[in-house]
Amino acid sequence: MSKVEETTREYAAAYAAHDVERVMKRYAKDAVVTDPYYPEPLRGHDAIRQDLRDVFRAFPDLTFRITEIFEKDDRTGASEFELRGTHSGPLATPMGEVPATGKRLDMVGFTLARLDEGGLIREEKRFYDTAGVMRQLGLMPEPADAMEMARH
């Protein structure tokens, strides 16, 4: 098994178990995570750890599954993932906290990762449909609803 696949599978198992500290063991201390949810990259363990805690608090029943792993070489790869859960806890956002909506989230995304020499994630870029997430949680109108509202 390649280093990319090993790191990805270990990360996925820890994330699926909601084990924040076990997930953090897959990141280099100075890791940088770019996520469309945040206006600035998450830098270092403290920021990444807080992101994980916030997600697991907002979605305590969250499930996570890797569906594909793509490798460029032993230190660069990408993965496709699925997230599912119920927004039953407060969700921290860059603009403030959003109370639980009770709505279901069903999301597919991709992650591009670059590993350091020891196989830890040094750089991660996440890609997913943020507008789709907002619509599923009832925080943004569906496109047809938005068009109807604009007409009035």
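Keep in mind the model is a prediction, meaning the values are calculated, not measured. (Residues numbered from 1 in each chain as written. Predicted model: local features only at pLDDT ≥ 70, side-chain atom pairs only at ≥ 80, totals over all residues. Heavy atoms only, no water.)

Peer 1: Mind showing me how you'd approach helix H1 (residues 3-16) here?
Peer 2: At 3.6 residues per turn, the α-helix brings residues three or four places apart onto the same side. Its 14 residues give H1 an end-to-end C-alpha distance of 20 Å, which sits within 8% of 20 Å, the value for a rise of 1.5 Å per residue. Those residues of H1 lying buried are Val-4, Thr-7, Thr-8, Tyr-11, Ala-12, Ala-14 and Tyr-15. Angular distribution of buried residues about the axis of H1 spans 165°; they occupy a single face of the element. His-18 occupies a position one or two residues after H1 and carries a positive phi of about 60°. (Helix = DSSP H or I, 4+ residues; strand = E, 2+ residues; numbered from the N terminus. Expected span 1.5 Å × (residues − 1). Buried < 20%, exposed > 50% of the residue type's maximum accessible area, 1.4 Å probe, protein only. Arc of directions from axis to C-beta.)

Peer 1: How should I be thinking about the pattern of salt bridges in this particular structure?
Peer 2: For side chains bearing opposite charge, pairing can occur when the charged atoms are close. In total, this model carries 18 salt bridges according to the counting rule given. Put simply, Arg-104 and Asp-61 hold a salt bridge, and the shortest N to O gap is 3.3 Å. Pair noted here: Arg-104 is in strand S7 (residues 104-115) and Asp-61 is in the loop between helix H3 (44-58) and strand S3 (63-73), with a separation of 43 residues, a long-range link. In this structure Arg-104 comes out as partly exposed when scored by relative accessible area, which is 46%. Classification of Asp-61 as partly exposed rests on a relative accessible area of 34%. One salt bridge in this structure joins Arg-135 and Glu-142, with 3.7 Å as the shortest N-O distance. (Salt bridge = Lys/Arg side-chain N within 4 Å of Asp/Glu carboxyl O.)

Peer 1: What's the story with the sheet that holds S3 in this structure? I'm lost.
Peer 2: Hydrogen bonding along the main chain pairs the strands of a sheet, whether they run parallel or antiparallel. If you walk across this open sheet you meet the 6 strands as S2-S1-S8-S7-S4-S3, and the pairing is mixed. With partners counted over all chains shown, the strands left at the sheet margins are strand S2 (42-43) and S3, one partner each. The pairing of S7 with strand S8 (residues 121-128) spans 7 bridges and is classified as antiparallel. Note that in S8 the partner of Leu-112 across the bridge is Lys-125. (Pairing = 2+ DSSP bridges.)

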